[in-house]
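# Per-entry structural report
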Amino acid sequence: MTSMNDLLISGGDERTPGGAILMDGNRLRDEIVAKLAQTIAAVGSPPVCLATVLVGDDAPSQRYVRNKHVQAGKAGMQSRNEILPADAGQAQVEDVVGRLANDPSVHGILVQSPLPNGYDEEKVLSLIPADKDVDGLTSQSMGRLVRGLPGLVGCTPLGVIRLLERYGVATSGQRAVVIGRSTLVGLPLSLLLARKGIDATVTIAHSRTADLVDVCRNADIVIGAVGQAHLITAAHIKPGAAVIDVGISRTEAGIVGDVDFDAVQAVAGAITPMPGGTGPMTIACLLENTLSAARLQGSFPV
Ligand code: NAP
């Protein structure tokens, strides 16, 4: 049997103590951001603008939004942050998103989720035109993904695909298990992995899946998108498989992923750290999507 170690392009890449290739999201984010900056500068730096909408004072959300603006600056993009108090009300949030939707100087709109309790998030998202939907979350964007039409795809699922590409993980004909079926991560990621050109054979696991170990242990690629600390152990992983951790659990010891990294790195052929894996890639792909959005709107040369 071919192990994932044989399939990987490992030039200069770091390995874990157990010998797995470390799929470093910070490093790949920096590569993508530098490439975006080059691309924008090469055509005379036309304005490319990301707008974020932050409602309330949730500390992690504030941190995520701040990081997005820092990285947008590094990519040579403009960015705007609309901040509203938690009690702004549905009408005011809709008004802000509606104005950004109609503003031709704004190319991408991201409404930081979750909105505080009491807001109708679906209604807010429905105001974002598909060509500005850099989070890929609207029904139109999801519909395009299902139908295989060009469009903007969710940043976290796209970030996972970029990690697999960058680290040379073979996907065609390979067995992938995605644990989690949310519209934010698991479902769009499963669709992307099964897409023509990526061609994985995909299994979607969820909270009702019987015997998760049995489902995972023949997979070449295992992706955890659950949010349950250390759900995925060495017993779930075939030797040499690629393991990607999307889940985030906040514990007293800090941020912990779905993957028991210390145990799994000794078995896997490639593995993402948590933090430092999929999180930075989500931001990189948000910026990649913002440039794609500017192109879709005819504001940037194709
Ligand atoms: P979600 O909507 O809560 O979905 C979680 C999924 O996990 C559900 O499909 C659920 O199954 C499944 N699940 C729950 N317990 C399970 C178990 N014991 N075994 C197997 N499956 C189980 O969460 P989400 O929005 O997709 O986010 C998932 C995680 O990723 C969260 O920790 C979130 O914070 C993190 N996240 C990370 C990034 C990043 O950039 N790294 C970005 C977005 C989200 P059911 O459908 O049956 O309920």
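Read on for an overview of the structure. Treat the numbers as computed from the prediction; the structure is a model and nothing was measured.

Bringing the overall build of the protein chain into the picture now. Within the protein chain, the regular secondary structure consists of 11 helices and 11 strands. The C-alpha radius of gyration computed for the protein chain amounts to 19 Å, which stays within 12% of the reference 19 Å derived for 302 residues, consistent with globular compactness. Projecting the C-alpha coordinates of the protein chain onto the three principal axes gives extents of approximately 55 × 45 × 40 Å. The 302 residues of the protein chain split such that 50% are buried. Long-range contacts, defined here as pairs at least 24 residues apart, represent 72% of the contacts in the protein chain between residues at least 6 apart. When the accessible surface of the protein chain is summed, it comes to about 13300 Å², and 51% of that surface belongs to carbon and sulfur atoms. When the 25 basic and 30 acidic side-chain charges of the protein chain are each reduced to a single mean position, those positions are 5 Å apart.

Judged by side-chain polarity, V146, L187, L191 and I204 come together as a nonpolar surface patch covering roughly 300 Å² of accessible area. Within the secondary structure, L191 sits in helix α8 (residues 186–194).

Glancing now at the packing of helix α3 (residues 59–74) against helix α11 (residues 278–296). Contact geometry for α3 and α11: axes closest at 10 Å, N-to-C directions at 55°. In terms of axis orientation, α3 runs oblique to α11. The interaxial crossing formed by α3 with α11 has right-handed handedness. Each of N67, K68, Q71 and A72 in α3 lies in contact with α11, whose residues at this interface are I283, L286 and L287. Of the residues that constitute the contact of α3 with α11, the class distribution is four nonpolar, two polar and one charged.

The rules we used
Residues numbered from 1 in each chain as written. Predicted model: local features only at pLDDT ≥ 70, side-chain atom pairs only at ≥ 80, totals over all residues. Heavy atoms only, no water. Helix = DSSP H or I, 4+ residues; strand = E, 2+ residues; numbered from the N terminus. Rg over C-alpha atoms; globule rule 2.2 N^0.38 Å. Buried < 20%, exposed > 50% of the residue type's maximum accessible area, 1.4 Å probe, protein only. Contact = heavy atoms within 4.5 Å. Areas by Shrake-Rupley, 256 points an atom, 1.4 Å probe, with all protein chains shown as cover. Lys, Arg positive; Asp, Glu negative; His and termini not counted. Charge placed at Lys NZ, Arg CZ, Asp CG, Glu CD. Patch = residues over 30% accessible without salt bridge, like charges linked within 9 Å, V, L, I, M, F, W, Y side chains within 5 Å. Salt bridge = Lys/Arg side-chain N within 4 Å of Asp/Glu carboxyl O. Axes fitted to C-alpha atoms, helices over the stretch in contact; angles between N-to-C directions. Parallel < 35°, antiparallel > 145°, perpendicular 65-115°, else oblique. Left-handed = near helix turned anticlockwise from the far one by under 90°. Nonpolar A, V, L, I, M, F, W, Y, C, P; charged D, E, K, R; others polar.

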